[in-house]
Number of protein chains: 2
Amino acid sequence: MNKDVLVKSLYRDSHEFINKQVTVSGWVRTLRSSNAFGFIELNDGSFFKNLQVVLDATKLENFKEIAKLPISSSISVTGTLIETPEAKQPFEIQAEVITIEGMSSSDYPLQKKRHTFEYLRTIAHLRPRSNAFSAVFRVRSVAAYAIHKFFQERNFVYTHTPIITGSDAEGAGEMFKVTTLDLHNVPKTEEGKIDYSNDFFGKESNLTVSGQLNGEAYALAFRNIYTFGPTFRAENSNTARHAAEFWMIEPEISFADLKDDMELAEDMLKYVISYVMNECPEEIEFFNQFIDKGLLERLNHVVNSDFGKVTYTEAVELLQKSDKKFEYPVKWGIDLQTEHERYLTEEIFKRPVFVTDYPKEIKAFYMRLNDDGKTVAAMDCLVPGIGEIIGGSQREERLEALKKRMSELNLHEEDYWWYLELRKYGETPHAGFGLGFERLIMYITGMSNIRDVIPFPRTTGQADF
Amino acid sequence: MNKDVLVKSLYRDSHEFINKQVTVSGWVRTLRSSNAFGFIELNDGSFFKNLQVVLDATKLENFKEIAKLPISSSISVTGTLIETPEAKQPFEIQAEVITIEGMSSSDYPLQKKRHTFEYLRTIAHLRPRSNAFSAVFRVRSVAAYAIHKFFQERNFVYTHTPIITGSDAEGAGEMFKVTTLDLHNVPKTEEGKIDYSNDFFGKESNLTVSGQLNGEAYALAFRNIYTFGPTFRAENSNTARHAAEFWMIEPEISFADLKDDMELAEDMLKYVISYVMNECPEEIEFFNQFIDKGLLERLNHVVNSDFGKVTYTEAVELLQKSDKKFEYPVKWGIDLQTEHERYLTEEIFKRPVFVTDYPKEIKAFYMRLNDDGKTVAAMDCLVPGIGEIIGGSQREERLEALKKRMSELNLHEEDYWWYLELRKYGETPHAGFGLGFERLIMYITGMSNIRDVIPFPRTTGQADF
């Protein structure tokens, strides 16, 4: 049964199938019919476009039954593929035999009328059958593959860093607790603390917020590695850009500095966007037409620009000199807001730009201190339309400098014993960055809510399906 | 800096580099020297083999310093690559300039002597610098890519199913709770139950044990999908084959029956094993020599066999007729043990074999009931040396049959409302299977403990690093 031709093959290699008998299976997207003729738009999920199926009462034994099928019924169609040079679609299949695999029902919720994305989230099990979500999740799959392809072709080792972690090592955000303790009756020690000795791992454990520290250990063995896995934030922020569970890509490169890091980030973004544009032109065209009118131009612009570079200090001066009135005033030392980031990339540079060398106070402990003693070798990559899409840094590879910074921030050396040992046994200059995969998919598709680029999103108060 | 030549490139494309000046960076694996000469085995993690670096006191300014470097120091070497037809290695680099990037220390724990795998688990941040683990984790990366490549080339949509789940839907095993409640003071309702309304998701939530049910929803939109992500079992089993956190691959195919499912599983296994054997011949040779003497023969055998097929009922008869004395006696209705599985594949079939059509009582609720009313359309794939490596089934697509089975097992329809709706709005025959990624890596490498194929393993009582 699984030997049917995919609709994608019909479109991509139509010369092989024209005037031949083929069998195609899929779901009825639309159906219109008279007493003598009918037309089905069939979609099998392999391709954005539908296949037009022509029903002829004189040729099709069960014409009457087929002509009444509810939307989303699944069928197998055998017939001849005919070119239709006069019509909108390049070809159609003239059905000779149609087998009903599964009858849908007249109360199928995804009827032809337009639905809001909010409504479609309530039927997350069915929404991938709609045009928009079919496109989004096909692009998500192709983009994920492009990321693997990019790194594997460059000999990066794909590293599965742990999801459950015994430490809040990076301090990057609020964490979810993971436990097998009986919550009805949490065991306590004599001092009244929670007795984790009875918990599964024998200690407090959480869901990871980043695989970076573990990734560094592997980069110092394999030279170049990347992670691609789920990460978690238990932040109570009900915005269009935050999810509690999301996927992140974190490459880490040894014998490398911040410049190498930026080059890698730029190459990767251009590669993935180009790959998706090549593999999914129909989807991108759809997004450009119906979701975000400027999408195609923006993506082409990113692929063809040399990304700009500016230090944080220069960026602050540029923003202060501009006539633009910002909601948050700009001065040296502040964390740049999205409004500042977008102004920099959209108005000042008019292309993607790396902002580098941020004040150490607003960045993480592991970033390499610059010679000025005030800034660290960090970089954020800003892109038009969204602001920050990538954040990275050169890591502090000098043991004493790292210990000093940890002490300033009251981090305990014993919690980081193995991370510190990496600096003792053959450290090298190394660097890396993090790319939120959903943010990339939002950027490539123009979708504006993170809930609409995750198959079954988890957000504050929401873990259905 | 990141522009150095990788050691892998020197080996794979040596003709491009012979008699030319190259710069290579990596870590010192071994070093021996006299007053006049020295030899470093340099490894950069890109390749299993080391690069021999020749130190000549007359040519190298800092010869004395280099000759005393502790193991695992990181260096950059510039010199000329020379063929060495008389020596064990095909070429060596005659060093002209060596820069020390990071000095290691004389107490570096991975000295040349052999260490037990048990000991190396206690230095999980350093063990990828050893021969065995360098090989294991490079193979893990390449095998992961092979899986993506296999499915993407066949137009399967990679689907990220949720990690945090609001339901114990599959009932496949003990689950970890995920919570942001204050464990010191768990809020209770008036009836004394835990008040999940204050928890992050507003209800009880857990870490997923399988993405299958969500995957089915996507297969009924995209036809063919696969998942590849972490799954969790909170089972207190301290064995060499169980981890609390592991990665799983779960394809799901529509318009497909059990036969298609088995064909897909066989094709996938052969593809991934062949791919790794082609891409990592040095690693496989090492495993065959030092980890598991029969490995290469076994892998070749799997790639070149047509997998056998036998029903559970026939398999039970074959086992009963055999002279073999089993620890667990065989009779119709039991779950096959590893000893039975291995006897079937190793002694009776002498090749991989699918066992199909198991008694419904020992299989999950979603498996399709056969016409005999007693067995379900399940399949387990057994391979020599390990037993079960893949478990799958055709899914029950008939709404009434599914409801009946759920009712027999006291499963509540309201908990599965969306899963049941998939059977109402255009169901098709569909099937899928699960492959534990770590079990596959153990099979390909010959490593016998799951803790040694996961970078930072999580098992009962163990969540360090």
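- Per an unreviewed UniProt entry, chain A goes by the name Asparagine--tRNA ligase and belongs to Clostridium intestinale URNW.
- The record in UniProt for chain A states the following under Subunit (unreviewed entry): "Homodimer."

1. Considerations on the sheet that holds strand β3 (residues 51-56) of chain B
All names here are of chain B.
Part 1: Taken together, 5 strands build a closed barrel; the order of strands is β1-β2-β3-β5-β4 and the barrel is mixed. The mean inter-strand angle of the sheet, taken between neighbouring strand axes irrespective of direction, is 55°.
Part 2: Bridge count between β3 and strand β5 (residues 91-102): 3 bridges; the pairing is parallel. Across the sheet, Q52 pairs through a bridge with E92, a residue of β5.

2. Topic: the packing of helix α6 (residues 258-279) of chain A against helix α8 (residues 295-304) of chain A
All names here are of chain A.
Part 1: Between α6 and α8, the shortest axis-to-axis distance is 9 Å and the interhelical angle comes to 135°. Looking at the two axes, α6 sits oblique to α8. Considering how the two elements wind past one another, α6 and α8 form a crossing that is left-handed. Contacts between α6 and α8 pair K270, I273, S274 and M277 from the former with L296, L299, N300, V302 and V303 from the latter.
Part 2: Of the residues assigned to the contact of α6 with α8, the class counts are 6 nonpolar, 2 polar and 1 charged.

3. Concerning the domain arrangement of chain A
Residue and element names in this part refer to chain A.
Part 1: Partitioning chain A into domains gives domain 1 (7-102) and domain 2 (129-172 + 209-452).
Part 2: For domain 1 and domain 2, the distance between their C-alpha centres works out to 45 Å.
Part 3: Across the contact, 8 residues belong to domain 1 and 11 residues belong to domain 2.
Part 4: In this assembly, domain 1 packs against domain 2 so that about 820 Å² is buried in total across both faces, 42% of it on carbon and sulfur atoms.
Part 5: Of all residues in domain 1, R12, R29 and F48 give up the largest surface area on contact with domain 2, accounting jointly for 66% of the area buried on that side.
Part 6: For the pair domain 1 and domain 2, the interface holds 1 salt bridge.
Part 7: The interface formed by domain 1 and domain 2 contains 7 residue pairs in polar contact (both at pLDDT 80 or more).
Part 8: Looking at the side of domain 1 that touches domain 2 residue by residue, the class counts come to 2 nonpolar, 3 polar and 3 charged.

4. Let's talk about the packing of helix α9 (residues 312-321) of chain B against helix α10 (residues 338-348) of chain B
Residues and elements named next belong to chain B.
Part 1: Contact geometry for α9 and α10: axes closest at 11 Å, N-to-C directions at 80°. By the criterion of interaxial angle, the relationship of α9 to α10 is roughly perpendicular. Side by side, α9 and α10 meet where A315, L318 and L319 of the first sit next to H340, Y343, L344 and I348 of the second.
Part 2: By residue class, the composition of the contact of α9 with α10 is 6 nonpolar, 1 polar and no charged.

5. Observations concerning the relation of the copies chain A and chain B
Part 1: Note on the identical chains: chain A maps onto chain B by a rotation of 180° and an axial translation of 0.0 Å, with an RMSD of 0.0 Å. Within this description, the copies of the chain are treated as partners about a two-fold rotation axis. Using C-alpha coordinates, one finds that chain A approaches the rotation axis most closely at A:V178, a distance of 2.4 Å.

6. A closer look at the sheet that holds strand β1 (residues 21-33) of chain A
Residues and elements named next belong to chain A.
Part 1: The strand order around the closed barrel built from 5 strands is β1-β2-β3-β5-β4, with neighbouring strands paired in mixed fashion. Ignoring strand direction, the axes of neighbouring strands in this sheet form an average angle of 55°.
Part 2: Alignment of strand β2 (residues 37-43) against strand β3 (residues 51-56), held across 6 bridges, turns out to be antiparallel. Opposite G38, over in β3, you have L55 as the bridge partner.

7. Re the interface of chain A and chain B
Part 1: Contacts between the two partners involve 124 residues from chain A, matched on the other side by 124 residues from chain B.
Part 2: When chain A packs against chain B, the two sides together hide about 10200 Å² of surface, and 61% of this comes from carbon and sulfur.
Part 3: Contact with chain B buries surface across chain A, with A:H160, A:F200 and A:Y425 losing the most and accounting together for 8% of the total.
Part 4: Linking chain A with chain B are 6 salt bridges, by the criterion used here.
Part 5: The partner of B:K424 in a salt bridge is A:D107, with the nearest N and O atoms 3.0 Å apart.

8. Description of the pattern of salt bridges
All names here are of chain B.
Part 1: A full pass over the atoms with the stated rule returns 40 salt bridges over all chains.
Part 2: Among the ionic pairs, R298 bridges to D292, the shortest N-O distance being 3.0 Å. Of the two residues examined, R298 and D292, each falls in the buried class.
Part 3: The partner of E408 in a salt bridge is K404, with the nearest N and O atoms 3.4 Å apart. Taken as a pair, E408 and K404 lie in helix α11 (residues 399-408) at a separation of 4 residues, close to a single helical turn.

9. Describing a negative patch on the surface
Part 1: Among the surface-exposed residues, A:E400, A:E413, A:E414 and A:D415 lie close enough to one another that they form a single negatively charged patch.
Part 2: Classification of A:E413 as partly exposed rests on a relative accessible area of 34%.

10. Observations regarding the pairing of strand β4 (residues 74-83) of chain B
Residues and elements named next belong to chain B.
Part 1: In terms of burial, β4 is largely enclosed, as 8 of its 10 residues are buried.
Part 2: Relative to β5, β4 runs antiparallel, the two being bridged by 10 bridges. Bridge pairing in β5 places I82 opposite E92.

11. Section: the environment of A:G173
Residues and elements named next belong to chain A.
Part 1: Looking at where G173 falls in the secondary structure, it is placed in the loop between β7 (164-165) and β8 (177-179).
Part 2: Taking the C-alpha atoms as reference, G173 lies 7.5 Å from A234; in sequence the two are 61 residues apart.
Part 3: In this view, G173 contacts V209, R233 and E235; residues no more than four positions away in its chain are not counted.

12. Observations concerning the packing of aromatic side chains
Part 1: A complete count under the given rule lists 74 aromatic pairs over all chains for this structure.
Part 2: Ring centres of B:Y271 and B:Y275 lie 6.3 Å apart, and the angle between their planes is 10°; this geometry places the pair in the stacked category. One end of the pair is B:Y271 and the other is B:Y275, both in helix α6 (residues 258-279) and 4 residues apart, which spans about a single turn.
Part 3: The exposure class assigned to B:Y271 is buried, which follows from its relative accessible area of 19%.
Part 4: For B:Y275, a relative accessible area of 17% gives the class buried.
Part 5: Positioned over the ring face of A:Y419 is A:R423, at 4.1 Å from the centre of the ring.

13. Some remarks on helix α4 (residues 131-153) of chain B
Residue and element names in this part refer to chain B.
Part 1: In this model, α4 (23 residues) spans 33 Å end to end at C-alpha, consistent with the 33 Å of a helix rising 1.5 Å per residue.
Part 2: Within α4, 21 of the 23 residues are buried, which leaves the element mostly enclosed by the surrounding structure.
Part 3: Where α4 terminates, the next one or two residues include N155, which has phi positive at roughly 65°.

14. Observations regarding the side chain of B:T428
Part 1: For B:T428, the position within the fold is in the loop between α12 (417-421) and β16 (430-436).
Part 2: At 3.2 Å, the side chain of B:T428 and the backbone nitrogen of B:F255 are in polar contact.
Part 3: The residues contacting B:T428, other than those within four sequence positions of it, are A:W27, A:S74, B:L220, B:S254, B:F255 and B:E397.

Thresholds applied
- Residues numbered from 1 in each chain as written.
- Chains lettered and ligands numbered in written order.
- Predicted model: local features only at pLDDT ≥ 70, side-chain atom pairs only at ≥ 80, totals over all residues.
- Heavy atoms only, no water.
- UniProt positions renumbered as here; feature names shortened; annotations may be inferred.
- Pairing = 2+ DSSP bridges.
- Helix = DSSP H or I, 4+ residues; strand = E, 2+ residues; numbered from the N terminus.
- Axes fitted to C-alpha atoms, helices over the stretch in contact; angles between N-to-C directions.
- Parallel < 35°, antiparallel > 145°, perpendicular 65-115°, else oblique.
- Left-handed = near helix turned anticlockwise from the far one by under 90°.
- Contact = heavy atoms within 4.5 Å.
- Nonpolar A, V, L, I, M, F, W, Y, C, P; charged D, E, K, R; others polar.
- Domains from an automatic or database assignment.
- Buried area = accessible area lost by both parts, 1.4 Å probe.
- Salt bridge = Lys/Arg side-chain N within 4 Å of Asp/Glu carboxyl O.
- Polar contact = N/O pair within 3.5 Å; in protein donor to acceptor, adjacent residues only side chain to side chain.
- Least-squares fit on C-alpha atoms with pLDDT ≥ 70 in both.
- Buried < 20%, exposed > 50% of the residue type's maximum accessible area, 1.4 Å probe, protein only.
- Patch = residues over 30% accessible without salt bridge, like charges linked within 9 Å, V, L, I, M, F, W, Y side chains within 5 Å.
- Areas by Shrake-Rupley, 256 points an atom, 1.4 Å probe, with all protein chains shown as cover.
- Lys, Arg positive; Asp, Glu negative; His and termini not counted.
- Charge placed at Lys NZ, Arg CZ, Asp CG, Glu CD.
- Phe/Tyr/Trp six-rings, centres within 6.5 Å; stacked < 30°, edge-to-face > 60°.
- Lys NZ or Arg CZ within 6 Å of the ring centre and 35° of its normal.
- Expected span 1.5 Å × (residues − 1).

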